[in-house]
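Architecture at a glance
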Amino acid sequence: MQTVILAAGQGTRMGPLTESTPKPMLPVAGRPLVAHVADAAVDAGASELVVVVGYEAEAVRSFFGDTYRDVPVTFAVQAEQAGTADAVRAARPELDGAFAVLNGDNLYDPAAVEQLFESAPSLATYEVDDPSNYGVVSITDGIVTDIVEKPADPPTTYANTGAYVFPEAAIDWLDVPESERGEYEITDVVAQVIDAHEVTPVPLSRWRDVGRPWELLEANETLLAELDGTVDGTVSDDAELRGTVVVEAGATIEPGVVIEGPVYVSRGASVGPNAYLRGGTFLGADVHVGNGVEIKNSVIRRGTNVPHLSYVGDSVLGQDVNFGAGTNVANLRHDGATVHLTVKGDRISTGRRKFGVVVGDGVKTGINTSLEPGVTLSGGTVTEPGERVRRDR
Ligand code: TTP
């Protein structure tokens, strides 16, 4: 089955993390987010991946190349991010027969994707507590009967997860009218499919829509916990690895380091001496974590340097960041309230009592910088020695 993967969006809600990286290429447990989607599609029997690209298209193209795990890959370019139906429309010239569509920034349960492919035409659902933020799906007698986008009064708790198998006829139904929010939405295509066909709902046992920085942390937590530990890099006899730890070839763990898995250390990274990595941490390629540094439940992207005497907790650091000695991230408010973060200009709750900071590419902090919970630093920000940073920069 041809599988369209939507990977044209920027991911503006990720803030500085997507200033130069498209969201589907952000790391989740050692691989780009979109690789997990492609893996689920290939495991389910995709015959071809049609990847829709737009923002920073080259990064996505060069990751996939012409084939992915022996499955041919074709690219379709969406000129403007005009909506999910518009994205699938960009892929239309490549389509020939029934086809699947998957969001390139969601973590799907692979077994359910297989079931989705076997139950065509089909739509994957996930039960959520607050459906009003989602497309909400109604089901009667095992058939999808309705879908409404972000209803004030949701009829059910089944969220649409952006994973479908459409019949061939849907190729002609992609020219939907512009929606109230000014986009061409795939839910309008789904509505036509439901009218004409019996669409089978397929419940997912695991689903994550990775839209905001703390969701990237949580996606890493989920998939790191599912990894098998492998140590291919160089680990000192005087280091201690507990739980599930991946150390890729070319990574170095120095004496005195303690790692409590699940933790992933990518190629070229060096850790220690005397550093402490705690569960849920991902270190990208060529990251350096030095003496006396503690890192907990954080995503640290490639080329970043946390060389000495620093603490980083529940945070996402971009590429080529440099933390001066004694840079400390506070990841818990004194009043114990949930941490808020700026997402597209609004301060919103992360829903987490523990959340640190979001740091864009190339940020440099001076020695003894204190970063308060929920602070975002945009790419290239420089702090002075001894600064206490309470607001976004
Ligand atoms: P969204 O998460 O709604 O959009 P986004 O990725 O641009 O993120 P943000 O809202 O933070 O800016 O998109 C859902 C999926 O569809 C995702 O995989 C990206 C993809 N998409 C496109 O490929 N083209 C589009 O025009 C849109 C709106 C989304």
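These remarks concern the structure in this document. (Residues numbered from 1 in each chain as written. Predicted model: local features only at pLDDT ≥ 70, side-chain atom pairs only at ≥ 80, totals over all residues. Heavy atoms only, no water.)

Take the overall build of the chain next. Across its full length, the chain carries 6 helices and 39 strands. Taking 393 residues into account, the globule formula puts the C-alpha radius of gyration at 21 Å, and the chain, at 22 Å, falls close to it. If you line up the chain on its principal axes, its C-alpha atoms span 65 × 45 × 35 Å. Looking at the chain as a whole, 55% of its 393 residues qualify as buried. (Helix = DSSP H or I, 4+ residues; strand = E, 2+ residues; numbered from the N terminus. Rg over C-alpha atoms; globule rule 2.2 N^0.38 Å. Buried < 20%, exposed > 50% of the residue type's maximum accessible area, 1.4 Å probe, protein only.)

Moving on: the pairing of strand β7 (residues 99–103). Burial within β7 is extensive, with 5 of its 5 residues counted as buried. Going residue by residue along β7, you find Phe99, Val101 and Asn103 tucked away on one face and Ala100 and Leu102 tucked away on the opposite face as well. In this sheet, β7 lies alongside strand β1 (residues 2–7) in parallel orientation, the contact comprising 5 bridges. Note that in β7 the partner of Val4 across the bridge is Val101. (Pairing = 2+ DSSP bridges.)

The next subject is the site of the ligand. In the neighbourhood of the ligand, 19 residues make up the surrounding shell, with Leu6, Thr12, Arg13, Gln78 and Gly83 lying closest. Leu6 has a polar backbone atom sitting 2.9 Å from an oxygen atom of the ligand. Asp105 places a side-chain nitrogen or oxygen 3.0 Å from an oxygen atom of the ligand. The fraction of the free accessible surface of the ligand (570 Å²) that becomes covered by protein chains is 84%. Among the residues making up the shell around the ligand, the classes are represented as 5 nonpolar, 10 polar and 4 charged. (Near = heavy atom within 4 Å. Polar contact = N/O pair within 3.5 Å; in protein donor to acceptor, adjacent residues only side chain to side chain. Areas by Shrake-Rupley, 256 points an atom, 1.4 Å probe, with all protein chains shown as cover. Nonpolar A, V, L, I, M, F, W, Y, C, P; charged D, E, K, R; others polar.)

Another point: empty space enclosed by the protein. Enumeration over the complete set of coordinates arrives at 1 cavity of 30 Å³ or more. Taken as a whole, the largest cavity holds about 40 Å³ of empty space. Along the walls of the largest cavity sit Ser122, Leu123, Tyr164, Val165, Phe166, Val190, Val193 and Val199, which together make up its complete lining. At the level of elements, β9 (122–127), β12 (158–166) and α5 (186–196) are the ones that each hand at least two residues to the lining of the largest cavity. It is β12 that contributes the most residues to the lining of the largest cavity, 3 residues altogether. Classifying every residue of the lining of the largest cavity gives 7 nonpolar, 1 polar and no charged. (1 Å grid on protein atoms, 1.4 Å probe; cavity = no way out; pocket = protein on both sides within 12 Å on 5 of 7 lines; lining within 4 Å. Points joined across faces, edges and corners; volume = space filled by probe spheres on them.)

This part takes up the packing of aromatic side chains. With the rule as written, the count across this model stands at 8 aromatic pairs. For the ring pair Phe63 and Phe64, a centre distance of 5.1 Å and an interplane angle of 75° mean the geometry is edge-to-face. Overall, the relative accessible area of 25% leaves Phe63 in the partly exposed class. Judged by relative accessible area, which is 3%, Phe64 ranks as buried. Just above the ring of Tyr184 sits the side chain of Arg89; from NZ or CZ to the centre is 5.0 Å. (Phe/Tyr/Trp six-rings, centres within 6.5 Å; stacked < 30°, edge-to-face > 60°. Lys NZ or Arg CZ within 6 Å of the ring centre and 35° of its normal.)

With respect to the helices, strands and loops of the structure, Met25 is situated in the loop between β1 and β2 (27–28). Residues Met25 and Ala98, 73 residues apart in the sequence, show an inter-C-alpha distance of 27 Å. Filtering out sequence-adjacent residues up to four positions away, Met25 remains in contact with Pro32, Val34, Ala59, Val60 and Phe63. (Contact = heavy atoms within 4.5 Å.)

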